[in-house]
Amino acid sequence: MVESDKQGSSGESPAGNRQTEQGGESLEARRRRLAADLATRGGKVEPREEGRERRQGYALAVKLSSEFIAAVLVGAFLGYLLDRFAGTAPWGMIVLLLLGFCAGVLNVLRSTGAVSTPAPGQRNSSWKAKPDDE
Amino acid sequence: MEAEAAKYIGAGIACLGMGGAGIGLGTIFGNYLSGALRNPSAADGQFGRLIFGFAVTEALGIFSLLVALLLLFAV
């Protein structure tokens with residue numbers, strides 16, 4: 001469809017006078033072709049939208065799980081380093097892994113929008129009161 | 001049995017607890033999805049509770065992972 005459109009426009013452009021003469025006719029033809037194009041493209045739009053939505057769902061799932069896992073892994077790694085260099089044998093890993101877990105849950109809540117990122121002035125907003133505000 | 005081998009075997013057994021957390025997470029998200037398909041308009045209001053249940057369930061899996069990591073690296 002697009003190739004025929006290009007051919008028509010390239011065929012008309014060298015002859016300037018003929019273009020003005022055939023203006024009404026070619027406009028009608030172009031309008032019909034555009035209607036046909038839109039009719040064929042209208043059916044194609046639907047599956048692409050659906051696929052895009054599904055891809056967005058996958059992207060959201062991968063994003064949430066990777067945020068959670070990354071926070072836990074960073075907590076475990078920092079606890080391991082603390083244990084290794086400060087010599088506090090099991091306690092650094094215990095405390096920092098649990099802190100990493102809490103940070104991961106908070107990351108997931110923040111990225112889903114259940115908890116807003118705290119502004120510097122107000123840090124005391126509880127997430128149960130948030131749906132009433134919205 | 002040497003103590004080193006017992007440490008590794010214990011870490012492997014402790015990681016079995018994460019399978020239980022996986023079963024629990026599948027139950028939670030599957031039930032949330034079936035409920036959301038039955039009543040999609042009420043699904044967005046329960047998302048906070050979904051994440052809360054996810055956190056509480058995943059905490060137990062994290063505990064078993066913690067035991068495994070402690071056996072591997074700190075004991």
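Quick notes on the rules
Residues numbered from 1 in each chain as written. Chains lettered and ligands numbered in written order. Predicted model: local features only at pLDDT ≥ 70, side-chain atom pairs only at ≥ 80, totals over all residues. Heavy atoms only, no water. UniProt positions renumbered as here; feature names shortened; annotations may be inferred. Axes fitted to C-alpha atoms, helices over the stretch in contact; angles between N-to-C directions. Helix = DSSP H or I, 4+ residues; strand = E, 2+ residues; numbered from the N terminus. Parallel < 35°, antiparallel > 145°, perpendicular 65-115°, else oblique. Contact = heavy atoms within 4.5 Å. Left-handed = near helix turned anticlockwise from the far one by under 90°. Nonpolar A, V, L, I, M, F, W, Y, C, P; charged D, E, K, R; others polar. Salt bridge = Lys/Arg side-chain N within 4 Å of Asp/Glu carboxyl O. Buried area = accessible area lost by both parts, 1.4 Å probe. Polar contact = N/O pair within 3.5 Å; in protein donor to acceptor, adjacent residues only side chain to side chain.

- The name given to chain B in an unreviewed UniProt entry is ATP synthase subunit c, with Oricola cellulosilytica as the source organism.

- As annotated in an unreviewed UniProt entry, chain A is ATP synthase protein I from Pseudohoeflea coraliihabitans.
- Under the UniProt heading Sequence similarities (unreviewed entry), the note attached to chain A is "Belongs to the bacterial AtpI family."
- Here is the UniProt Function (unreviewed entry) comment for chain A, exactly as written: "A possible function for this protein is to guide the assembly of the membrane sector of the ATPase enzyme complex."

### Concerning the packing of helix α2 (residues 16–38) of chain B against helix α3 (residues 47–74) of chain B
Working note: a packed helix pair is described by the angle between its axes plus the distance between those axes.
Residues and elements named next belong to chain B.
Thought 1: Relative to each other, α2 and α3 sit at 170 degrees, their axes nearing to 8 Å. One way to sum up the angle between α2 and α3 is to call them roughly antiparallel. Seen from α2, the contacting residues are G17, M18, A21, G24, L25, I28, F29 and Y32; seen from α3, they are F47, L50, G53, F54, T57, E58, G61, S64 and L65.

### Details of the packing of helix α4 (residues 91–112) of chain A against α3(B)
Thought 1: The N-to-C vectors of α4(A) and α3(B) enclose an angle of 155 degrees; their axes lie 10 Å apart at closest approach. As far as their axial angle goes, α3(B) and α4(A) are roughly antiparallel. For the pair α4(A) and α3(B), the sense of crossing is right-handed. From α4(A), A:M93, A:I94, A:L97, A:L98, A:F101, A:V105, A:V108, A:L109 and A:T112 reach across to α3(B), where they touch B:F47, B:I51, B:A55, B:E58, B:A59, B:I62, B:F63, B:L66, B:L69, B:L70 and B:F73.
Thought 2: Grouping the constituent residues of the contact of α4(A) with α3(B) by class yields 18 nonpolar, 1 polar and 1 charged.

### What to know about the UniProt feature "transmembrane region" (unreviewed entry) in chain B
Residues and elements named next belong to chain B.
Thought 1: What UniProt calls "transmembrane region" (unreviewed entry) maps, in this numbering, to residues 6–29 and 50–74.
Thought 2: Within residues 6–29, the helical portion is 96% and the strand portion 0%, while the C-alpha atoms at the span's ends are 36 Å from each other.
Thought 3: Overall, residues 50–74 shows 100% helix and 0% strand. The separation of its end C-alpha atoms is 34 Å.

### Examining the UniProt feature "transmembrane region" (unreviewed entry) in chain A
Residues and elements named next belong to chain A.
Thought 1: The UniProt entry lists residues 58–82 and 88–109 under the feature "transmembrane region" (unreviewed entry), expressed in the numbering used here.
Thought 2: Between the C-alpha atoms that bound residues 58–82 there is a distance of 36 Å. The span itself is 100% helix and 0% strand.
Thought 3: With 86% helix and 0% strand, the stretch residues 88–109 has end C-alpha atoms that lie 32 Å from each other.

### With respect to the pattern of salt bridges
Residue and element names in this part refer to chain A.
Thought 1: Going through the model one piece at a time under the given rule, you end up with 1 salt bridge over all chains.
Thought 2: Taking the shortest distance from any N to any O, the salt bridge between E28 and R31 comes out at 3.9 Å. Of the two residues, E28 and R31 both sit in helix α3 (residues 23–86), 3 residues apart, roughly one turn of that helix.

### Regarding the interface of chain B and chain A
Thought 1: On the side of chain A, 17 residues touch chain B, which itself brings 15 residues to the contact.
Thought 2: Carbon and sulfur atoms make up 94% of the area that chain B and chain A hide from each other, which totals about 1400 Å².
Thought 3: When residues of chain B are sorted by the area they lose upon contact with chain A, B:I51, B:I62 and B:L66 head the list and together hold 31% of the total.
Thought 4: For the pair chain B and chain A, the interface holds 0 salt bridges.
Thought 5: Linking chain B to chain A there are 0 residue pairs in polar contact (both at pLDDT 80 or more).
Thought 6: Grouping the constituent residues of the side of chain B that touches chain A by class yields 13 nonpolar, 1 polar and 1 charged.

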